[in-house]
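A structural walkthrough
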Amino acid sequence: MNKIKNFPYFPHPKNKNETLHFKDGKFVNNINEDDYFKILEFSTNTDGWSEDLSEMANNAINMNHPIDIASREKCLEYLNNYENSEKKIVLEIGCSSGNLIDQIKVLRKYNYIASDSIKSHILKLSNHHKDIPFLVFDLLKNPFKKKFCNGIIMLNVLEHIKDDYTALIEINNLLEQNGILILEVPSCKFLYDDYDKKLLHFRRYNMKDIISKLESAGFKIEKKTHLGFLIFPIFFLVKIFNKIFYRIFKNENIVSTQTKISNNFILKKLLYFEKKLKNINLPFGIRCYICARKIK
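Residues numbered from 1 in each chain as written. Predicted model: local features only at pLDDT ≥ 70, side-chain atom pairs only at ≥ 80, totals over all residues. Heavy atoms only, no water.

**Section: the sheet that holds strand β8 (residues 134–136)**
Under the convention used in this document: A strand pair is defined by DSSP finding two or more bridges across the two strands. Starting at the N terminus, helices and strands are each numbered in turn, a helix being any DSSP run of H or I of at least four residues and a strand any DSSP run of E of at least two. Residues are treated as being in contact if the distance between any of their heavy atoms lies within 4.5 Å. The axes used here are C-alpha line fits, helices contributing only the stretch in contact, and every angle between their N-to-C directions lies in the interval 0 to 180 degrees.
In space, the 8 strands of this open sheet follow the order β5-β8-β7-β6-β9-β10-β12-β11, with mixed pairing throughout. With partners counted over all chains shown, the strands left at the sheet margins are β5 (40–41) and β11 (219–227), one partner each. Examined bridge by bridge, β5 and β8 share 2 bridges and lie parallel to one another. For Glu-41, the partnering residue across the bridge sits in β8 and is Val-136. The strands that helix α4 (residues 119–128) touches are β5, β7 (110–116) and β8; relative to β8, the one it contacts most, it runs at about 165 degrees. Across the sheet, helix α5 (residues 164–174) lies against β6 (88–93), β9 (149–155), β10 (175–186), β11 and β12 (287–294), angled at about 145 degrees from β10, the strand it touches most.

Written out as structure tokens, the structure is:
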């Protein structure tokens, strides 16, 4: 594999005066090609995530849960609709178990870059995807001094960042003018419960609030909707149950238990029917889903 065309140089993680390019599955120093890195590690952040949570997400929680499949399908839909006069650079922040990687590569419209704030994710994925650049960095300590991507994907990541507004500002700093952000966050602020706490969520969001933060950070909303519209009544009852009874029953496995129970035929069917409503701005649901464009 040659150096990625139209891709800017990466900053050197140790020497600020040197840069790297991605070539043949590794980051190579532009001055000395004997100086190279398999992945680029700048900084980590475990405030809203942990190695234990990574293990749970990859094992106890099925990442192919129907709502997560619907989330990735929505992301691919937005990416497919993004005008492409030339091959775009898209960065996924919080690539997690890497479920989107192969699907985006199939599109052949993007130079894809994966990043996470937890090194263990990146090391495992880099062994399977040698043609993909992998980065480890804390968004709040953004190491990139120049804008370098046309699109950013953040699915269920922002709620894990304590200072979410600063994170949105840094996303803006990474994007070229008119670049897009595909963002998904858990909805309904007042339904924040012990399930969220176990997942190290700092918050849930109301659509109005997250849109206000995006606009203040220099974005224009192009599309907005919710996922889980048809299943919201059941979700609402479960959340209320958690808020009232969790401290009585003390279910330490609340995340894995409720995730496994909800992974069923009924949920799949309801999400299937919900897909038919994709051209409608669904007014409520389990997750807020937004496509925003950088305008300043």
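**Digging into the nonpolar core**
For soluble globular proteins, the rule of thumb is that nonpolar side chains tend to be buried together. Condition: Side-chain atoms within 4.5 Å link the members of a nonpolar core, which is a set of buried Ala, Val, Leu, Ile, Met, Phe, Trp, Tyr and Cys residues. Burial classification: accessible surface area is computed with a 1.4 Å probe over protein chains only, and a residue below 20% of its type maximum counts as buried, one above 50% as exposed, and the rest as partly exposed.
Among the nonpolar cores identified, the biggest contains 40 residues, and Leu-91, Ile-152, Met-154 and Ile-171 are the most heavily contacted of them. Listing elements by their share of this core, those giving two or more residues are β2 (19–23), β6, β9, α5, β10, α7 (207–216), β11 and β12. Beyond its immediate sequence surroundings of up to four residues, Ile-152 is in contact with Val-90, Leu-91, Ile-93, Ile-171, Leu-174, Leu-175, Ile-180, Leu-181 and Ile-182. By size, the runner-up hydrophobic cluster in this structure holds 35 residues, among which are Val-90, Ile-153, Ile-180 and Ile-286.

**Focus: the environment of Phe-265**
Assignment of secondary structure puts Phe-265 in helix α10 (residues 265–275). What makes Phe-265 exposed here is its relative accessible area of 59%. Along the sequence, Phe-265 and Asp-24 sit 241 residues apart, while their C-alpha atoms lie 44 Å from each other.

**A look at the packing of helix α2 (residues 66–81) against α10**
To keep it simple, the criterion reads: Throughout, the term roughly parallel applies to angles under 35 degrees, roughly antiparallel to angles over 145, roughly perpendicular to angles from 65 to 115, and oblique to all others. Rotating anticlockwise by less than a right angle from the far helix to the near helix defines a left-handed crossing, while the corresponding clockwise rotation defines a right-handed one. Amino acids outside the nonpolar list (Ala, Val, Leu, Ile, Met, Phe, Trp, Tyr, Cys, Pro) and the charged list (Asp, Glu, Lys, Arg) are all regarded as polar, and Gly is one of them.
The geometry of α2 relative to α10 is characterised by a closest axis approach of 9 Å and an angle of 20 degrees between their N-to-C directions. Looking at the two axes, α2 sits roughly parallel to α10. Seen from above, α2 lies across α10 with right-handed handedness. Side by side, α2 and α10 meet where Pro-66, Ile-67 and Glu-73 of the first sit next to Leu-267, Lys-268, Leu-271 and Lys-275 of the second. For the contact of α2 with α10, the residue count by class is 4 nonpolar, no polar and 3 charged.

**Thoughts on unusual backbone geometry**
Here the phi dihedral of Asn-156 falls at roughly 60 degrees; this positive angle occurs in a residue that is not glycine. Examined against the element boundaries, Asn-156 turns out to sit in the loop between β9 and α5. Located in the positive-phi region is Asn-178, a residue other than glycine, with phi close to 70 degrees. Position of Asn-178 among the secondary structure elements: in strand β10.

**A word on the packing of aromatic side chains**
The line we're drawing: Put simply, two rings from Phe, Tyr or Trp (the six-membered ring, in Trp's case) pair if the centres are within 6.5 Å, and we call them stacked under 30 degrees between planes, edge-to-face over 60, tilted for the rest. Any Lys NZ or Arg CZ that is within 6 Å of a ring centre and within 35 degrees of that ring's normal is treated as a charge sitting over the ring.
Evaluation of the coordinates by the stated rule reveals 12 aromatic pairs. Here Lys-26 stacks its cationic end above the ring of Tyr-36, 4.1 Å away from the centre of that ring. Across from the ring centre of Tyr-272, 5.5 Å away, lies the NZ or CZ of Lys-269, which sits over that ring.

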